[in-house]
Amino acid sequence: MCSFFCPFMSHGSVVGVLEAVILRSFGPEGGQVLFTRDTGQAMLSRSGTHILRALHLEHPLARMVVECVWKHSTVTGDGSKTFILLLASLLRKIHTTASREPHVSHSYNSLEAAEAATARHLADKLLAFALKELDDLIAMEVAPHGRCVSWEDFTAEMHSPANHYVQKLLASFFHMRLGYVHCAFISELTCELLNHWKCIDNLPYFALQFLKDNFPAIHTPVSGFPITSSRLIEGQVIHRDFATPYPQTDHQPIKAVVFTGYLQPRLLNTGDVLEVGCGGTEERSIVDFSAWTERSLQCLIANLQSLGVSVLLSVVKQSAAVLALATQAEMCFVDCVSEDELSLFAQLSGATPISDCWRIEPEHIAELTFCRPILLGPHRYENMPFFSLTCKATHLHAKNYLGTIHTSHLQTLVADVFIIRVKVKPYSLIICGSGEGQTDQYACAFQDAIRMLFTTWEPIPATGTTAAKRTVQSDKRTSSYTHVLTDSSTCTSSNLNPLHKCVLQPGCIMPAGGTFEFLLHHALLKLSHSCSASNDTNIGVPVSRLLASALLSVPKQIYSHSPGQFLQTRTRHNAIFTQDMGLESVSCKYELLLAVLQCVTSLLRVDTILRTHTALHTQSLADTSWESTEDEAEN
Amino acid sequence: MALNGEKFVVACFCKDSKWTSRSHYHCPHCKFRAFTRSAVFKKHLKSKHGIQSHMRREKASMIYKKVENSTGESKDEQMGVLKELQSWEGDEDFEWEPPSEAEMKVIQARRERQDKISKLMGDYLLKGYKMLGDCCDVCGTILLQDRQQKKYCVSCQELDSDIDKDNPALNAQAALSQVRERQLAAQSPAPSQTPELNGGPSNGQPSVSVPQPRPEHCEGAAAGGRALLPPPAVPPPPAAPSTTALAPTRPAVCPQNPALRPVLQEAEEAVLTKLRWATTQLQGAASLEASIQLCSLITSCANSLRSLKELSQ
């Protein structure tokens, strides 16, 4: 049954409700939301994405908005609450403008239809304006008030003045996300991690991209400890136990291979037909077949032994015969390793996984410096016996917190640690938290911080194409960005590659607390005054003014507890790097604006919501893409 | 309501009339008449001024929906009338004019209500309610569903509805004011001339009369941001039910008397009388409801006395 509704009220009210939900957690004074489950698990969180995804929403527009927020946050890692605020404010302004001056070039059935068409038109114009002119505007008017931190400064020694800005940026991010108690410690830990991984490649931001893509494999969450127990550990941690008893090996280097398939051919696969005892003079049976496979396996193991391989990693679970033979040959075997960990291992060691176990080439063999088990907290995993800790004296940090765990017969997670002899020394991050939910939250915060840093240092192409079309070829231009003045003077465009004028510099940061919004607001107002009315003949109001007034909603909320400070900050045109304000990334803000405008455009394209009696798609809430929601909505 | 396309009157929230927190309509032809209920206003227009009026588009669409769902022989006729209305609306050459102050207040009130609804819904969502994809049939707000699968509309069940307050069956105050309006309508219409208060009267102007509740005056007052003189309380007409106090005394339109002192004194005496009466009634009140209403009557009498004292100073 089709029910007509006023799109504006529905948009406005849906987004207004979401705004009311996140408003109390917004800003430095914002509170946390306590989540409780029916099982009794409780968790505190301030992350906007977390809050929005925890709501029970059946309204298709609400789900669409939450999906947009989530996708934005997977790219930039930050700004989900600001997204909702800006979205609500923009929708209100568009509604006001549209109801004031409906687009009367076409004839419409009713006033609502005219208003809706005007709104759609306004949104399209806004998006076009943002894609074409906004980055230039930001680069010219807003970025000069900030500071560009180049890649060299980013990877400078810890506690140097330039590195201080990076740490401050991270500290303000973690302050907003996790609270101020541990933000300094966590930001130092993150800086340490980045410093260890910085020489992964020559390209500046490639290290950040590598960390971003491989973060699940690089970190290990351990619950039951305070956050201050979090450490960096040398080497990669593989989250599996040894399947065979670990032999103590002193000789180096340790050789390892990775198997992707089954070593012993499986007896019967789905769809196989085994003909037993057919034809031939000898009677054949399954027993003969399995004996033959075991013999071939023995040859394989002997082959590996001759190559000096002592560690075997496998993606799949191998059969008991394989394990027995490996034990006999004094090889350690780890199976059921996750794909992303193995891919990281392969990238770091340079060894490709073996698919055909009969052809083992030298390129398949990885060389390790050491390999040992490590006990990381009382984590219940599978029913695996634990191993007592054989920790070397040099790794004091590992011993410090693990030493308190008595080697009792608890069910524990035991992991293996490797160190790879390549140009980069990999370090793994152990993230501790008091409960599982808390640890998960910290891990998400770390990951979002790396995403945020990646977005900050990723160069934006000079063409006015959408930010989504940024490809790897942009890194060709990064060489021109590495030599930027880093003193306190503003970044002038003369330092840039002359081919690309007024491009947003990577690594541009500025004080938080609404500075970006104020500066952009002034810049947009200047632009709207200077540009003639002929630019927007159909709609008298320039869209830049609309965007300018919508932007002010963010600082208004930040300073909602002290309106006097809002006015004071608004009149200060030169942004000073004050100590109490944090830092934020200009690129992230730009991305946020683009994402919000795209979301507004999509929302306003929805005319009617049709309610069907049967489900069109049987996907879960998390999986439902908004293409399908739009189909449902626009049919 | 539109008056044959020439004039239209919108709901107002000005403080000039006796209803400060309720929306009311000012009759453009009478000097001082204001009405809270559209039906009474319509009747007044027809009976006093011979004007046929009908309602604007928002209400038309709601009525359209109701007619659609209703059954009966007159349904087709109603549909026909409504379709004519809508076509009339479509043909109208719509030129946007800036909203008047009254309309601005209406818009502001609606926005505040919407904000309140959003905030309440946000709180419920955080408590674990589910936001459904359906809208309420009555008010159009998005429905919520709690853990027990019960549907819940925030604006209908929690906030005071805009429409319900006009319904005499639901609201005792509405009933009382309806009675009063009928009495006023039945009285001989001889509105005495009152001094114009448009030009920017200062607060010290010696006039106890209520400023004329005309639309222009409302706008002027709102634009100037002047503090309007609080209307002094007047005892209800003797015909009002004195045995059962249904509602506290509403400040009514006082007689237009240019002399200040005697009127003030009279008003004070009247209020004091009422206060005394209410006190005696309160002492003998048996039911809770009556006691509450008598107490609120006493409160409003006290407020009126205070305003009168301020006026006399």
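Everything numeric in this text was worked out from a predicted model, so none of it was measured.

**Some details on the overall build of chain A**
Across its full length, chain A holds 20 helices and 15 strands. Scored against the burial criterion, the 635 residues of chain A give a buried share of 53%. Carbon together with sulfur atoms contributes 53% to the accessible area of chain A, which is approximately 29,000 Å² in total.

**Section: the overall build of chain B**
When helices and strands are counted, chain B shows nine helices and seven strands. Looking at chain B as a whole, 35% of its 313 residues are labelled buried. Once local pairs closer than 6 in sequence are excluded, the contacts in chain B between residues at least 24 apart make up 49%. Entry remark: accessible area of chain B is about 18,200 Å², with carbon and sulfur atoms responsible for 54%.

**Looking at the packing of helix α5 (residues 111-142) of chain A against helix α15 (residues 515-530) of chain A**
All names here are of chain A. Between α5 and α15, the least distance of the axes is 10 Å, while the angle of their chain directions is 110°. One finds that α5 runs roughly perpendicular with respect to α15. Handedness of the crossing formed by α5 with α15: right-handed. Touching Phe129, Glu133, Leu134, Leu137, Ile138, Glu141 and Val142 of α5 are Phe516, Leu519, Leu520, Ala523, Leu524, Lys526 and Leu527, all from α15. Class assignment of the residues belonging to the contact of α5 with α15 gives a composition of 11 nonpolar, no polar and three charged.

**A look at the confidence of the model for chain A**
All names here are of chain A. Of all residues in chain A, 71% have pLDDT values of 70 or greater, and the mean over the chain is 73. Confidence drops under pLDDT 50 across residues 1-5; counting only partners more than four residues distant or on other chains, this segment forms 11 contacts. Counted against residues more than four places away or in other chains, residues 574-579, with its pLDDT under 50, gives 15 contacts.

**Notes on the nonpolar core**
The nonpolar side chains of a soluble globular protein tend to be buried, and buried together. Residues and elements named next belong to chain A. Core analysis: the largest hydrophobic core is formed by 91 residues, its most contacted members being Leu134 and Leu520. Of all the elements, α5 adds the most residues to this core, at 13 residues. Setting aside residues up to four positions removed in sequence, Leu134 forms contacts with Phe129, Leu520, Leu547, Tyr590 and Leu593. With 44 residues, the next largest nonpolar core counts Trp151, Ala217, Leu232 and Leu429 among its residues.

**Here's the deal with the interface of chain A and chain B**
Facing the 23 residues of chain A at the interface are 21 residues of chain B. Counting the surface lost from both chain A and chain B, the interface buries some 2,000 Å², and carbon and sulfur atoms represent 65% of this. Taken together, the connections running from chain A to chain B amount to three salt bridges. Ionic pairing is found between Asp123 of chain B and Arg24 of chain A, a salt bridge with its closest N-O pair at 3.0 Å.

**Some details on helix α9 (residues 288-312) of chain B**
Turn by turn, an α-helix covers 3.6 residues, leaving residues three or four places apart pointing in a common direction. All names here are of chain B. In this model α9 runs 36 Å from its N-terminal to its C-terminal C-alpha over 25 residues, within 8% of the 36 Å that 1.5 Å per residue would give. Turning to α9, its buried residues number three or more, namely Ser291, Gln293, Leu294, Leu297, Ser300, Cys301, Ser304, Leu305, Ser307 and Leu308. Here the buried face of α9 lies against α8 (261-284). Backbone nitrogen of Ala290 and a side-chain oxygen of the N-cap are separated by 3.1 Å at the start of α9; the cap is Ser287.

**With respect to the pairing of strand β8 (residues 254-259) of chain A**
Residues and elements named next belong to chain A. With five of its six residues buried, β8 lies for the most part within the structure. Pairing between β8 and strand β9 (residues 309-314): five bridges, direction parallel. Looking at β9, one finds that Lys255 is bridged to Val309.

**Here we look at the sheet that holds strand β7 (residues 151-152) of chain B**
Strand pairing within a sheet occurs via backbone hydrogen bonds; the two strands may be parallel or antiparallel. With mixed pairing, four strands are arranged side by side in an open sheet as β3(A)-β5(B)-β6(B)-β7(B). Every interior strand has two partners, whereas the edge strands, β3 (56-57) of chain A together with β7 of chain B, have only one. Set on the sheet, helix α4 (residues 101-127) of chain B makes contact with β3 of chain A together with β5 (130-135), β6 (142-145) and β7 of chain B; between it and β6 of chain B the angle comes to about 25°.

**Comments concerning unusual backbone geometry**
With a phi close to 60°, Glu330 of chain A is a non-glycine residue in the positive phi region. Here Glu330 of chain A shows up in the loop between α11 (320-328) and β10 (332-334). We classify Glu330 of chain A as exposed; its relative accessible area is 59%. Of note in this structure, Gln149 of chain B is not a glycine but carries a positive phi near 65°.

**Observations concerning the pattern of salt bridges**
Taken as a whole and judged by the stated rule, the model has 13 salt bridges over all chains. With a closest N to O distance of 3.3 Å, Arg605 of chain A and Asp124 of chain A form a salt bridge. With Arg605 of chain A in the loop between α19 (586-604) and α20 (626-634) and Asp124 of chain A in helix α5, this residue pair connects regions lying 481 residues apart in the sequence. What you see here is one network of salt bridges that share partners, running through Arg24 of chain A together with Lys119 and Asp123 of chain B.

**A closer look at the packing of α5 of chain A against α19 of chain A**
All names here are of chain A. Where α5 meets α19, the axes come as close as 8 Å, and the angle between the chain directions of the two elements is 165°. Of the possible angle classes, the one that applies to α5 and α19 is roughly antiparallel. Every pair of crossing elements has a handedness; the one defined by α5 and α19 is left-handed. Contact residues: Ala119, Arg120, Ala123, Asp124, Leu126, Leu127, Ala130, Leu131, Leu134, Asp135 and Ile138 in α5; Val586, Tyr590, Leu593, Leu594, Leu597, Gln598, Val600, Thr601 and Leu604 in α19. Looking at the contact of α5 with α19, its residues break down into 15 nonpolar, two polar and three charged.

**Things to note about the environment of Gln441 of chain A**
All names here are of chain A. With respect to the helices and strands, Gln441 occurs in helix α14 (residues 436-457). Gln441 sits in the buried class, given a relative accessible area of 8%. Once residues lying within four places of it in the same chain are set aside, the contact partners of Gln441 are Met43, Leu44, Ser45, Arg46, Arg177 and Leu178.

**Regarding the sheet that holds strand β6 (residues 231-234) of chain A**
All names here are of chain A. Read across the sheet, three strands follow the order β5-β13-β6 without closing on themselves; strand pairing throughout is mixed. Since the sheet does not close on itself, it has two edges, and those belong to β5 (219-223) and β6, each with one partner. Mean inter-strand twist for the sheet, computed between neighbouring axes without regard to direction, equals 30°. In this structure, β5 lies alongside strand β13 (residues 427-433), joined through five bridges in parallel fashion. Bridge pairing in β13 links Val222 to Cys432.

**Some points on the packing of aromatic side chains**
For the coordinates displayed, the defined rule picks out eight aromatic pairs over all chains. Ring centres of Tyr25 of chain B and Phe41 of chain B lie 5.5 Å apart, and the angle between their planes is 5°; on these two criteria the pair is classed as stacked. Linking Tyr25 of chain B in strand β3 (residues 25-26) with Phe41 of chain B in helix α1 (residues 38-49), this pair joins segments that are 16 residues apart in sequence. For Tyr25 of chain B, a relative accessible area of 14% translates into the label buried. Between Tyr124 of chain B and Tyr129 of chain B, the ring centres sit 4.8 Å apart and the planes meet at 50°, which makes this aromatic pair tilted. Among the aromatic residues, ring-to-ring pairing joins Phe173, Phe174 and Phe446 of chain A into one connected group. Seen from the ring of Tyr124 of chain B, Lys127 of chain B lies directly overhead, with NZ or CZ sitting 4.9 Å from the centre.

The rules behind the values
- Residues numbered from 1 in each chain as written.
- Chains lettered and ligands numbered in written order.
- Predicted model: local features only at pLDDT ≥ 70, side-chain atom pairs only at ≥ 80, totals over all residues.
- Heavy atoms only, no water.
- Helix = DSSP H or I, 4+ residues; strand = E, 2+ residues; numbered from the N terminus.
- Buried < 20%, exposed > 50% of the residue type's maximum accessible area, 1.4 Å probe, protein only.
- Areas by Shrake-Rupley, 256 points an atom, 1.4 Å probe, with all protein chains shown as cover.
- Contact = heavy atoms within 4.5 Å.
- Axes fitted to C-alpha atoms, helices over the stretch in contact; angles between N-to-C directions.
- Parallel < 35°, antiparallel > 145°, perpendicular 65-115°, else oblique.
- Left-handed = near helix turned anticlockwise from the far one by under 90°.
- Nonpolar A, V, L, I, M, F, W, Y, C, P; charged D, E, K, R; others polar.
- pLDDT = per-residue confidence, 0-100.
- Core = buried A, V, L, I, M, F, W, Y, C linked by side-chain atoms within 4.5 Å.
- Buried area = accessible area lost by both parts, 1.4 Å probe.
- Salt bridge = Lys/Arg side-chain N within 4 Å of Asp/Glu carboxyl O.
- Expected span 1.5 Å × (residues − 1).
- Polar contact = N/O pair within 3.5 Å; in protein donor to acceptor, adjacent residues only side chain to side chain.
- Pairing = 2+ DSSP bridges.
- Phe/Tyr/Trp six-rings, centres within 6.5 Å; stacked < 30°, edge-to-face > 60°.
- Lys NZ or Arg CZ within 6 Å of the ring centre and 35° of its normal.

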